[in-house]
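Topology and contacts: notes
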Amino acid sequence: MNDLKVYKNIEKVLIIILVLIVTCSVTKVFSGIIEDKVTKSTCSALNGVYVVGTHAGQSYCDYRK
């Protein structure tokens, strides 16, 4: 009986850890995409050249003329 409670608690902890990992991963991906969108709109407003990065969140604005 005691072992069953321990296994259920371990299962709950593992499910919580899995949900946290998925949530962090999704947040990291979407934050990079949002950062790129903001950089692109800011760059066009300030007459810069938008340079696309290789991954989400790595784009930047080049102000050299």
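Located above this text is the structure these notes cover.
All values reported here derive from a predicted model rather than from experimental measurement.

Glancing now at the state of the cysteines. Using the criterion set out here, one finds one disulfide in the structure. With a sulfur-sulfur separation of 2.0 Å, Cys43 is cross-linked through a disulfide to Cys61. Across the S-S bond of Cys43 and Cys61 the torsion is about 75°, and the bridge reads as right-handed. With Cys43 in helix H1 (residues 2–45) and Cys61 in strand S2 (residues 60–62), this residue pair connects regions lying 18 residues apart in the sequence. Residue classification places Cys61 among the buried positions, given a relative accessible area of 16%.

Given a rise of 1.5 Å per residue, 44 residues ought to cover 64 Å, and the 64 Å separating the end C-alpha atoms of H1 matches this to within 8%. Among all positions of H1, only Gly32, Asp36, Thr39 and Cys43 are buried. Where the residues of H1 are buried, they touch strand S1 (49–51) and S2.

Further remarks concern unusual backbone geometry. One non-glycine residue, Asn47, adopts positive backbone phi at about 55°. Here Asn47 is to be found in the loop between H1 and S1.

The rules behind these values
- Residues numbered from 1 in each chain as written.
- Predicted model: local features only at pLDDT ≥ 70, side-chain atom pairs only at ≥ 80, totals over all residues.
- Heavy atoms only, no water.
- Disulfide = S-S within 2.5 Å.
- Helix = DSSP H or I, 4+ residues; strand = E, 2+ residues; numbered from the N terminus.
- Buried < 20%, exposed > 50% of the residue type's maximum accessible area, 1.4 Å probe, protein only.
- Expected span 1.5 Å × (residues − 1).
- Contact = heavy atoms within 4.5 Å.

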